[in-house]
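# Examining the three-dimensional arrangement
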Amino acid sequence: MTPHEVRTREFAACRRGVDPDEVREFQARVSDELAMLNETVRLLSQENDRIKRALRDWQTMHARDCSSAQEHGRNTGRW
């Protein structure tokens, strides 16, 4: 559900219904909160991708260093 869908949702009128102004106010608050949460998820996803790339780069660099050390007879231990 998008913030726009929340904000623009229409409800059928009924005899003992709720105050339309209160409904619109609530919709606006929920819509704003949903938009903020969507933005947070987007930013966290970008940060997650950045961290994954950094980890991959570090692992690649470390793997090169370890294989280079083993070729020269150093670092023959398990770790």
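Our structure's up above, just so we're on the same page.
Everything numeric in this text was worked out from a predicted model, so none of it was measured. Residue numbering note: each chain is counted from 1, following its sequence as written. Side-chain atom pairs in this predicted model are given and counted only at pLDDT of 80 or more, local residue features only at pLDDT of at least 70, and totals for whole chains, interfaces and linings cover all residues. In computing side-chain properties, one takes all heavy atoms of the structure into account and sets aside hydrogens as well as water.

### Considerations on the layout of surface pockets
Our working rule: Every definition here rests on a 1 Å grid over the protein atoms only: cavities are sets of points where a 1.4 Å probe fits but cannot get out, pockets are open sets enclosed by protein on both sides within 12 Å along at least five of seven lines, and lining residues have some atom within 4 Å of a point. Grid points are joined across faces, edges and corners, and a volume is the space filled by probe spheres set on the points. Ten residues, namely Ala, Val, Leu, Ile, Met, Phe, Trp, Tyr, Cys and Pro, are considered nonpolar, four, namely Asp, Glu, Lys and Arg, are considered charged, and the remaining ones, Gly among them, are considered polar.
In this structure, the largest pocket occupies an estimated 300 Å³ of space. In terms of lining residues, the largest pocket is bounded by 14 residues, among which F11, A12, P20, V23 and R24 are the most central. For the lining of the largest pocket, the class distribution of residues is seven nonpolar, three polar and four charged.

### Overview of a nonpolar patch on the surface
This is how the line gets drawn: Candidate patch residues must exceed 30% relative accessible area and have no salt bridge, after which like charges are joined if within 9 Å and Val, Leu, Ile, Met, Phe, Trp or Tyr side chains if within 5 Å. The protein chains shown are the only cover counted for residues, whose accessible areas, like all others here, come from Shrake-Rupley with a 1.4 Å probe. Criterion for a salt bridge: a side-chain nitrogen of Lys or Arg within 4 Å of a carboxyl oxygen of Asp or Glu. The way it works is that DSSP assigns letters per residue, a run of H or I at least four long becomes a helix, a run of E at least two long becomes a strand, and they are numbered from the N terminus.
A surface patch of nonpolar side chains, amounting to about 320 Å² of accessible area, comprises L55, W58 and M61. As for its position among the elements, M61 is in helix α2 (residues 20-71).

### A look at the environment of A35
Tracing the backbone through its elements, the reader meets A35 in helix α2. The spacing of A35 and H4 is 31 residues in sequence and 8.9 Å in space, taken between C-alpha atoms.

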